[in-house]
Amino acid sequence: MGRFKVTAKDTLPLPSGTLMLVGPDEPRFWDIFTQSTAYQDGQPDPLDRWSKSVLDPIAQQCGGRALYPSDEPPYHPFYSWALRTGRSWASPIGFLVHDQARLFASYRGAVLLPWETETVQGRQPCDTCVDQPCKTACPVDAFANGYDVEACKSHLRKPAGHGCMTTGCAARRACPVGQGKRLPAQAAFHMEAFL
């Protein structure tokens, strides 16, 4: 999902190196995850547990360390890290927009590597999006003044929120970048976790 050079100011376990942000390869990811023990065992936090089972060995093989959004407080600044990659930006509604994953960008973890690599710049999709449909797609205008989380959740609890609950956030779905990559079952899984 992107990477950037680490500096001592980042106060990470390594004073230099590269931090690589990792997210799902959609839509392939969903079938792989739903066949995993973590998804099927009925225990809490299946996606967090699955992410750790995949990323921890990769980080160890590379001589690095895996970091997660679900680690204990103080939480890692994944939003800020994503902005530093040059592949994600703040969208018109404030959510991160990724050059390929669009408004469905999901960072499952990061791998801190003990060597440096160059940042690969992406292209901000919102710059060429004339209509910016994400700004008006929310049925309850939850993005009219920042992000009204309570208005969003209230909508999701009502019958009128069924569409967002089963196919994903209407504002996120309105983004023309990467259409069709997130499957409805995956969107419903995330919406249930959010609610």
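Here we summarise the structure given alongside this text.

### What about the pairing of strand β2 (residues 17-22)?
Turning to step 1, where the next piece is worked out: Relative to β2, strand β1 (residues 2-6) runs antiparallel, the two being bridged by five bridges. Across the sheet, Phe4 pairs through a bridge with Leu19, a residue of β2.
Turning to step 2, where the next piece is worked out: Judged from the five bridges that link them, β2 and strand β6 (residues 109-113) form a sheet pairing that is antiparallel. Counted as the bridge partner of Leu19 is Leu112 from β6.

### A few points about the sheet that holds strand β3 (residues 65-67)
Turning to step 1, where the next piece is worked out: Strands sit in the order β1-β2-β6-β3 across an open sheet of four strands; the sheet is antiparallel. Since the sheet does not close on itself, it has two edges, and those belong to β1 and β3, each with one partner. Averaged over all neighbouring strand pairs, the angle between strand axes comes to 25°, with direction disregarded.
Turning to step 2, where the next piece is worked out: Relative to β6, β3 is paired through three bridges, and the arrangement is antiparallel. Bridge pairing in β6 places Ala66 opposite Val111.
Turning to step 3, where the next piece is worked out: Packed on one face of the sheet, helix α3 (residues 46-61) meets β2, β3 and β6 and runs near 150° to β3.

### Here we look at the side chain of Thr34
Turning to step 1, where the next piece is worked out: Within the fold, Thr34 resides in helix α1 (residues 28-34).
Turning to step 2, where the next piece is worked out: According to the relative accessible area criterion, Thr34 is buried, its value standing at 17%.
Turning to step 3, where the next piece is worked out: Not counting chain neighbours up to four residues away, the residues in contact with Thr34 comprise Tyr39 and Gln40.

### Here we look at the pattern of salt bridges
Turning to step 1, where the next piece is worked out: For the structure on display, the rule yields seven salt bridges.
Turning to step 2, where the next piece is worked out: Arg28 is paired through a salt bridge with Asp25; the nearest N and O atoms lie 2.9 Å apart.
Turning to step 3, where the next piece is worked out: Arg28 gets classed as exposed once you look at its relative accessible area, which sits at 56%.
Turning to step 4, where the next piece is worked out: In this structure, the salt-bridge partner of Arg87 is Asp99, at a minimum N-O distance of 2.9 Å.

### Thoughts on the packing of aromatic side chains
Turning to step 1, where the next piece is worked out: For the structure shown, the criterion picks out 14 aromatic pairs.
Turning to step 2, where the next piece is worked out: Geometrically, the ring pair formed by Phe29 and Trp50 is edge-to-face, given 5.4 Å between the ring centres and 65° between the ring planes. Linking Phe29 in helix α1 with Trp50 in helix α3, this pair joins segments that are 21 residues apart in sequence. In this structure, Phe29 and Trp50 share a single accessibility class: buried.
Turning to step 3, where the next piece is worked out: Seen from their ring centres, Phe33 and Phe189 are 5.6 Å apart, and the 70° between their planes marks the pair as edge-to-face. Taken together, the residues span a long stretch of sequence, with Phe33 in helix α1 and Phe189 in helix α8 (residues 184-194) at a distance of 156 residues.
Turning to step 4, where the next piece is worked out: Taken together through their ring pairs, the aromatic side chains of Phe29, Trp30, Phe33, Tyr39, Trp50 and Phe189 make up a single cluster.
Turning to step 5, where the next piece is worked out: One Lys or Arg, Lys153, reaches over the ring of Phe194 and ends 5.0 Å from the middle of that ring.

So, how was this worked out
Residues numbered from 1 in each chain as written. Predicted model: local features only at pLDDT ≥ 70, side-chain atom pairs only at ≥ 80, totals over all residues. Heavy atoms only, no water. Pairing = 2+ DSSP bridges. Helix = DSSP H or I, 4+ residues; strand = E, 2+ residues; numbered from the N terminus. Axes fitted to C-alpha atoms, helices over the stretch in contact; angles between N-to-C directions. Contact = heavy atoms within 4.5 Å. Buried < 20%, exposed > 50% of the residue type's maximum accessible area, 1.4 Å probe, protein only. Salt bridge = Lys/Arg side-chain N within 4 Å of Asp/Glu carboxyl O. Phe/Tyr/Trp six-rings, centres within 6.5 Å; stacked < 30°, edge-to-face > 60°. Lys NZ or Arg CZ within 6 Å of the ring centre and 35° of its normal.

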